[in-house]
Amino acid sequence: MKTLENLFDFPFNIFDPAGVQAGWLANLGWVLVVLMSVLIIGMAVLVVWGALRRRGRLEEHMPIDVDGGKGWILWGGVALPVTVLTSLFVVTVVTLNMLPGDREEPALAVKVTAHQWWWEVDYLYDDLPQRFSTANEIHIPVGQPVRIELISSDVIHSFWIPKLHGKIDAIPGHTNALIVEAEEPGVYRGECAEYCGVQHAHMRFVVVAQPPEEYQAWAARQREPAAPVTDPKLVKGREAFEGYACALCHSIRGTKARGQVAPDLTHFASRMTIGGIMPNTRARLQAWIVNAQALKPGVRMPTLEEFDGETLNALAAYLESLE
Ligand code: CUA
């Protein structure tokens, strides 16, 4: 697995797929690249040849004029483009038909809601008590098809995990679905691929593909409410969370914090990132609490300067205890 510090150095290489669907798209990409390269090189050769062949004196060259050049028009202007474009159309349609989000019976269904500028992830187990919610981090079992139902709460976003699937738009009022199936365990980077406001470039997430038993253990932990705290410092932190603005927007299940407009923080410390943009460490968390606007300008999280040092410390310690 990648370490946290290089989490966002992952290359966005669609030709290095780690999932079934991305593999199909990479094959389509290679067909396009090879065919277009042949055509472009062929055109370049013809242009050079055309420029060179008439050098010298006119009488040295007989113009190539068989039947008024109709052969060039017929083969180069009609037959070639029709063949190339038709075969590309067929290959593309066949590939697209392999990708619908509703055909397979998935092992797991996840609803992803795009917000300016974060991703809400709800695990849609049929048994309601099994459901839970997280943010900016999607865990999936390796080798199993997972359906992702995609919607937006505000503007149009686009959901893109280059190593697992192509881009799919997240649209308000309309659910799009895709199936992803990771073939190798690992942490994959995802990003919003449709301009959606000032923090579009910071609208990132990670996908953690785990062996199924590891995924199940993770999900079982996520389902639990936050563990009660007894350490006085952590109690002070929890009371600060419940008593200040935090609880108006965020939920921590098992506490009085029931806000519904911002990420569920019940298991915040188990996540790799803060706000999808930086490694989840104590120092960064304190900076984020006090001045999220400096780190992700325009984000809904307000600047919170009311905490004294001790309270801020306790608050960060409490959040970092939420494994
Ligand atoms: Cu969301 Cu760009």
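Here the structure is shown first, and the text comes after it.
Let us look at the structure shown here. (Residues numbered from 1 in each chain as written. Predicted model: local features only at pLDDT ≥ 70, side-chain atom pairs only at ≥ 80, totals over all residues. Heavy atoms only, no water.)

**Considerations on the layout of surface pockets**
Approximately 640 Å³ is the volume found for the largest pocket. Forming the boundary of the largest pocket are 34 residues, of which His250, Ala262, Pro263, Trp288 and Met301 lie nearest the centre. Secondary structure elements with two or more residues in the lining of the largest pocket: α5 (246-249), β11 (273-274), α6 (282-295) and α7 (309-319). Here the lining of the largest pocket is built from residues that sort into 23 nonpolar, seven polar and four charged. Counting residues domain by domain, the lining of the largest pocket receives three or more from each of domain 1 (1-53 + 100-218) and domain 2 (232-320). (1 Å grid on protein atoms, 1.4 Å probe; cavity = no way out; pocket = protein on both sides within 12 Å on 5 of 7 lines; lining within 4 Å. Points joined across faces, edges and corners; volume = space filled by probe spheres on them. Helix = DSSP H or I, 4+ residues; strand = E, 2+ residues; numbered from the N terminus. Nonpolar A, V, L, I, M, F, W, Y, C, P; charged D, E, K, R; others polar. Domains from an automatic or database assignment.)

**Here's the deal with the pairing of strand β6 (residues 157-160)**
Here β6 shows two buried faces, one formed by His157 and Phe159 and the other by Ser158 and Trp160. Pairing between β6 and strand β7 (residues 168-170): three bridges, direction antiparallel. Across the sheet, the residue bridging to Phe159 is Ile168, located in β7. With two bridges connecting them, β6 and strand β9 (residues 186-192) associate as antiparallel partners. (Buried < 20%, exposed > 50% of the residue type's maximum accessible area, 1.4 Å probe, protein only. Pairing = 2+ DSSP bridges.)

**Some words on a nonpolar patch on the surface**
On the surface, Met43, Leu46, Trp49, Trp72, Ile73, Leu74, Trp75, Val78 and Val82 cluster together to form a nonpolar patch covering roughly 1000 Å² of accessible area. Only α1 (20-52) and α2 (70-97) provide two or more residues apiece to the nonpolar patch. Per-element accounting of the nonpolar patch gives the leading share, six residues, to α2. As for its position among the elements, Trp49 is in helix α1. (Patch = residues over 30% accessible without salt bridge, like charges linked within 9 Å, V, L, I, M, F, W, Y side chains within 5 Å. Areas by Shrake-Rupley, 256 points an atom, 1.4 Å probe, with all protein chains shown as cover. Salt bridge = Lys/Arg side-chain N within 4 Å of Asp/Glu carboxyl O.)

**Quick look at the sheet that holds strand β1 (residues 108-115)**
On the basis of which strands lie adjacent, the open sheet formed by five strands has the order β3-β2-β1-β5-β8 and mixed pairing. Since the sheet does not close on itself, it has two edges, and those belong to β3 (132-135) and β8 (176-180), each with one partner. For this sheet, the mean angle separating the axes of adjacent strands, direction not counted, is 25 degrees. The pairing of β1 with strand β2 (residues 118-123) spans six bridges and is classified as antiparallel. Residue pairing in the sheet places Thr113 in a bridge with Glu120 of β2. (Axes fitted to C-alpha atoms, helices over the stretch in contact; angles between N-to-C directions.)

**Observations regarding the environment of Ala182**
Mapped onto the elements, Ala182 comes out in the loop between β8 and β9. Looking at Ala182, the relative accessible area reads 0%, which means it is buried. As a C-alpha pair, Ala182 and Val94 span 88 residues in sequence and 21 Å in three-dimensional space. Residues within four places of Ala182 in sequence aside, it is in contact with Ala18, Gly19, Ile140, Val142, Gly143, Leu164 and Ala209. (Contact = heavy atoms within 4.5 Å.)

**Regarding the environment of Val155**
Looking at the secondary structure, you find Val155 in the loop between β5 (146-152) and β6. Spatially, the C-alpha atom of Val155 lies 18 Å from that of Phe205, the residues being 50 residues apart in sequence. Excluding residues that lie within four positions of it along the chain, Val155 makes contacts with Gln116, Ala170, Pro172 and Cys196.

**Let's talk about the state of the cysteines**
Under the criterion given, the structure shown has zero disulfides. With no disulfide of its own, Cys249 lies closest to Cys246 among cysteine sulfurs, the gap being 8.9 Å. Relative accessible area serves as the criterion here: at 30%, Cys249 is assigned to the partly exposed category. (Disulfide = S-S within 2.5 Å.)

**With respect to the sheet that holds β9**
One open sheet holds the five strands; their spatial order is β4-β10-β9-β6-β7, and the pairing between them is mixed. Two strands bound the open sheet, and with one partner strand each, they are β4 (137-141) and β7. The average angle at which neighbouring strand axes cross in this sheet is 25 degrees, direction not considered. Running at roughly 135 degrees to β4, helix α3 (residues 212-223) makes contact with β4 and β10 (204-210) of the sheet.

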